Amino acid sequence: MEIDTVNPSREQRHRRLGRAAFGLTAAGLLGGALIAGAVASYASNNPTAASPAAANLAAIGTANDPTQGGHVGANGVVEKLLTGTTADKAKAAALAAVPGATIERVENDAEGATYEAHMVKSDGSHVTVKMDANFKVTGIETGPAARP
C-alpha cells in the first residue's frame, strides 16, 4: 500500500498534529524549567536581587516563627533564643522592668541592644524590653517588634 503524502488521510493528519503538539509541549516545559533555573541561580548569586523577606528566609532556612527567634537585623545579626543562666537573667531584668507581664521569649537583639525580652502586659499590649550585656534595661518599646 502506498502512502499519499499529497493528500493524507484524516488519521494521518491527527497523528502528525498529536506528535507536533507533544513536541511543542515538551519544548515549552523544558524552556520554562531552564528559565526558572536561571532566575533562581541569579537570585542566589546576587543577594541584593532577592527581597528582604526572601533574604530573611534564606538566612534561617525556614519560614520565620517569631516564637523561635531567627529575625535577621539590617546588620546581618540573627536573633537566637537565650538559654540557661543568660535566659534566666534576661527574664528577671525584664520582669523587674514590667511587673505583671508575661514573657513570650528572650533573645539576643539584632537592632543594637545585647538582649531583648518580648512580653505581653496584663492589659494585653505587647512590649519589648531592651537590655545591655549586664542585663541593665536600656529601653522599653511598645507594640510588637517590627519585622521585615
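Look above for the structure.
An account of the accompanying structure is given in this report. (Residues numbered from 1 in each chain as written. Predicted model: local features only at pLDDT ≥ 70, side-chain atom pairs only at ≥ 80, totals over all residues. Heavy atoms only, no water.)

Let us look at the pattern of salt bridges. Scanning the entire structure with this criterion turns up three salt bridges. Close ionic contact of E107 with R105 constitutes a salt bridge, the shortest N to O distance being 3.5 Å. By relative accessible area, R105 is classed as buried at 9%. D109 serves as the salt-bridge partner of K130, at 2.9 Å between the closest nitrogen and oxygen. With K130 in strand β3 (residues 126-131) and D109 in the loop between β1 (102-108) and β2 (115-120), the pair connects residues that are 21 residues apart, well separated along the chain. Within the structure, one salt-bridge network assembled from shared partners comprises D109, E116 and K130. (Salt bridge = Lys/Arg side-chain N within 4 Å of Asp/Glu carboxyl O. Buried < 20%, exposed > 50% of the residue type's maximum accessible area, 1.4 Å probe, protein only. Helix = DSSP H or I, 4+ residues; strand = E, 2+ residues; numbered from the N terminus.)

The next thing to look at is helix α3 (residues 84-97). For α3, built from 14 residues, the straight-helix expectation of 20 Å at 1.5 Å per residue is met to within 8% by its first-to-last C-alpha distance of 20 Å. Along α3, the positions that sit buried rather than exposed are A87, A90, A93 and A94. End-on view of α3: buried residues confined to an arc of 135°, all on one side of the axis. Turned more than 90 degrees away from the buried face of α3 sit T85, D88 and A96, all of them exposed. Next to the buried residues of α3 lie β1, β2, β3 and β4 (137-142). (Expected span 1.5 Å × (residues − 1). Arc of directions from axis to C-beta. Contact = heavy atoms within 4.5 Å.)

Here we take up the packing of aromatic side chains. Within the structure shown, the criterion is met by one aromatic pair. Here the aromatic rings of Y115 and F135 are separated by 4.8 Å at their centres, their planes lie at 0°, and the arrangement is stacked. Taken together, the residues Y115 in strand β2 and F135 in the loop between β3 and β4 connect sequence positions 20 residues apart. Each member of the pair, Y115 as well as F135, is classed as buried. (Phe/Tyr/Trp six-rings, centres within 6.5 Å; stacked < 30°, edge-to-face > 60°.)

The next point concerns the nonpolar core. Grouped together as the largest cluster of nonpolar side chains are 15 residues, with contacts concentrated most on A117, M119, V129 and M131. At the level of secondary structure, the elements contributing two or more residues to this core comprise α3, β2 and β3. Among the elements that line this core, the one with the most residues is α3, at four residues. Other than its neighbours up to four places away in sequence, A117 contacts A94, R105, V106, V127, T128, V129 and M131. (Core = buried A, V, L, I, M, F, W, Y, C linked by side-chain atoms within 4.5 Å.)

This part is about the environment of T83. If you trace the backbone, T83 turns up in the loop between α2 (52-60) and α3. Along the primary structure T83 and E107 are separated by 24 residues, whereas in three dimensions their C-alpha atoms are 8.5 Å apart.

Turning our eyes to something else, we now look at the pairing of β4. Examined bridge by bridge, β3 and β4 share five bridges and lie antiparallel to one another. Across the sheet, residue M131 finds its bridge partner in β4, namely V137. (Pairing = 2+ DSSP bridges.)

With that settled, consider the sheet that holds β3. Across the sheet, four strands lie side by side as β1-β2-β3-β4; this open sheet has antiparallel pairing. Taken across any chain shown, the strands that pair with only one partner, and hence form the sheet edges, are β1 and β4. This sheet shows a mean twist of 20° between the axes of neighbouring strands, independent of strand direction. Docked against the sheet, α3 engages β1, β2, β3 and β4, running at close to 130° with respect to β1. (Axes fitted to C-alpha atoms, helices over the stretch in contact; angles between N-to-C directions.)

As a further point, take the side chain of D109. The class for D109 is buried, based on a relative accessible area of 7%. A polar contact is formed between the side chain of D109 and the backbone nitrogen of E111, at a distance of 3.3 Å. Residue contacts for D109: discarding those within four places in its chain leaves V77, E79, T114, Y115, E116 and K130. (Polar contact = N/O pair within 3.5 Å; in protein donor to acceptor, adjacent residues only side chain to side chain.)

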